[in-house]
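This is what each chain is made of:
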Amino acid sequence: MTRKVQLILHGKVAGNDALRAAVVGQREAGHRIEVRVTWKKGDARRFVLEAGEVDLLIAAGGDGTLNEAVHGLMDLSIDARPILRVVPLGTANDFATGCDIPRDPEKALALCLEGEAVPMDVGKANAHWFLNAASAGFGAEVTATTSPDLKRLLGSAAYTVMGAILAINVHQYHGRLTLPDREITGSGLVAIIGNGRQTGGGVQVAPRAYIDDGLLDVLVIRHIPATALLTAARELQQLSPEGEYISYWQTPWVEVHPDEVVPVNLDGEPMEFSSVRYEAVPKAIRVTVPPNCPLLSATANVKA
């Protein structure tokens, strides 16, 4: 079946030979693929709005390209939103990696054209959208400087998170965090909100997240004194709502009210908020992912 496809390609990877060959091959198979190349911020969002009636919309780039495409989709009425498909060509590709979307452009494009679409939640931060993760006061690139003992205790993945946590502690944010059933006030409050599971190029910050459960996964980090590092490390492994330094919730919304403007990273895009309400918008868009995508709640039911 031939379909009308628009492929939005980030300008920095417009010369990708593997993608070019894959597009040529699919055109020869009969698919009508129009390629539009972004050159400045806002292009991908605009291209989505200008796409008109297309069967498939493909975002080829990194998490930032995806984020812009999602903003364009959310500008449309729900019935007018085309299916979003992904060819990961960025540096981090956190959303695509978390979903097990192939890195190879030929395989990713084949999935785009042959795979099935699933409903997916979208995160909202005030008037902005995010597909994968939002982090407040949490840098996209961090260096782990914790002790070898902590590394042995945590393992490499959690060790990276712990390094990020310690980096956060360099600047202590004060304020209030509100969830549906509780309110937390104190120093060092930092929240990482996941719709997907990872950010910062593979750092697992929301390991229990699913993209279709109508919930956001919230990792809350309080100030951790040097004497409490081992306790915090154990809490990072347990991910309980009741942790003294590190807590984890699954919730439809959360509000963060800091005493100062805090840098926030939405899908890799830097912003600043004086206060922010995060919420999950259930099944807002349709996205193509592999059938065994680990971020689908149905996959969890099969494993159970």
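In this text the structure is predicted, and so the values were computed from the model without any measurement.

**Q** If you had to explain helix 8 (residues 229-238) to someone new, which residues and values would you point to?
**A** If you check which residues of helix 8 are buried, you get A232, A233, E235 and L236. Projected down its long axis, helix 8 carries its buried residues within an arc of 160°, all on one side. Positive backbone phi, approximately 50°, marks L239, located one or two places after helix 8.

**Q** Now, about the nonpolar core: what can you tell me, with residues and values included?
**A** The biggest cluster of nonpolar side chains holds 39 residues, and the ones touching the most others in it are F130, L177, I193 and Y278. Examining the composition of this core, we find that five residues originate from one element, strand 13 (residues 216-221), more than from any other. Each residue touching I193, except ones within four places of it in the same chain, is listed here: F130, N132, A133, A134, L216, D217, V218, V254 and Y278. Among the nonpolar cores identified, the runner-up in size contains 32 residues, and L73, C99, V118 and L295 belong to it.

**Q** I'd like to hear about the packing of helix 1 (residues 17-28) against helix 5 (residues 105-114), residue by residue, with values.
**A** For the pair helix 1 and helix 5, the least separation of the axes is 8 Å and the interaxial angle reads 40°. Judged on the interaxial angle alone, helix 5 and helix 1 are oblique. Here the hand of the crossing between helix 1 and helix 5 comes out right-handed. The residues of helix 5 that touch helix 1, namely those facing A18, L19, A22, V23 and Q26, are P105, E106, L109, A110 and L113. The residue makeup of the contact of helix 1 with helix 5, split by class, is eight nonpolar, one polar and one charged.

**Q** Tell me about the pattern of salt bridges, and name the residues and values.
**A** Inspection of every chain in the model, using the stated rule, returns eleven salt bridges. Residues K40 and D43 are paired through a salt bridge, measuring 3.1 Å at the closest nitrogen-oxygen approach. Its salt-bridge partner being R45, residue D75 comes within 2.9 Å of it at the nearest N-O pair. One end of the pair, D75, is in helix 3 (residues 63-75); the other, R45, is in helix 2 (residues 43-50), and 30 residues separate them in sequence. By relative accessible area, D75 is classed as partly exposed at 38%. What makes R45 partly exposed here is its relative accessible area of 33%. Residues participating in the shared-partner salt-bridge network are R36, K40, D43, R46 and E50.

**Q** Could you give an account of the packing of aromatic side chains, with specific residues and numbers?
**A** In the structure shown here, the tally under the stated rule is one aromatic pair. Between R208 and the ring centre of Y248, over which it is positioned, the NZ or CZ distance is 5.3 Å. Positioned over the ring face of W253 is R277, at 4.5 Å from the centre of the ring.

**Q** Describe the pairing of strand 17 (residues 269-273), naming the residues involved and giving the relevant values.
**A** Here strand 16 (residues 262-266) runs beside strand 17; their pairing, made up of five bridges, is antiparallel. Its bridge partner being in strand 17, P263 is matched across the sheet by E272. The hairpin formed by strand 16 and strand 17 contains two residues between the paired strands, and D267 there has a positive phi angle of roughly 50°.

**Q** Explain the sheet that holds strand 16 to me, and be specific about the residues and the numbers.
**A** With antiparallel pairing, the six strands of this open sheet are ordered in space as 14-13-10-7-16-17. At either end of the open sheet lies a strand with only one pairing partner, and these are strand 14 (246-251) and strand 17. Taking each pair of neighbouring strands and ignoring which way they run, the sheet shows an average axis angle of 20°. With three bridges connecting them, strand 7 (residues 133-136) and strand 10 (residues 190-194) associate as antiparallel partners. Paired with S135 across the strands is I192, a residue of strand 10.

**Q** Could you give an account of helix 5, with specific residues and numbers?
**A** Counting buried positions over the ten residues of helix 5 gives seven, a clear majority of the element. Taken together, the buried positions of helix 5 are occupied by P105, A108, L109, A110, L111, C112 and L113. N-capping of helix 5 is provided by D104, with a side-chain oxygen placed 3.2 Å from the backbone N of E106.

So, how was this worked out
- Residues numbered from 1 in each chain as written.
- Predicted model: local features only at pLDDT ≥ 70, side-chain atom pairs only at ≥ 80, totals over all residues.
- Heavy atoms only, no water.
- Buried < 20%, exposed > 50% of the residue type's maximum accessible area, 1.4 Å probe, protein only.
- Helix = DSSP H or I, 4+ residues; strand = E, 2+ residues; numbered from the N terminus.
- Arc of directions from axis to C-beta.
- Core = buried A, V, L, I, M, F, W, Y, C linked by side-chain atoms within 4.5 Å.
- Contact = heavy atoms within 4.5 Å.
- Axes fitted to C-alpha atoms, helices over the stretch in contact; angles between N-to-C directions.
- Parallel < 35°, antiparallel > 145°, perpendicular 65-115°, else oblique.
- Left-handed = near helix turned anticlockwise from the far one by under 90°.
- Nonpolar A, V, L, I, M, F, W, Y, C, P; charged D, E, K, R; others polar.
- Salt bridge = Lys/Arg side-chain N within 4 Å of Asp/Glu carboxyl O.
- Phe/Tyr/Trp six-rings, centres within 6.5 Å; stacked < 30°, edge-to-face > 60°.
- Lys NZ or Arg CZ within 6 Å of the ring centre and 35° of its normal.
- Pairing = 2+ DSSP bridges.
- Polar contact = N/O pair within 3.5 Å; in protein donor to acceptor, adjacent residues only side chain to side chain.

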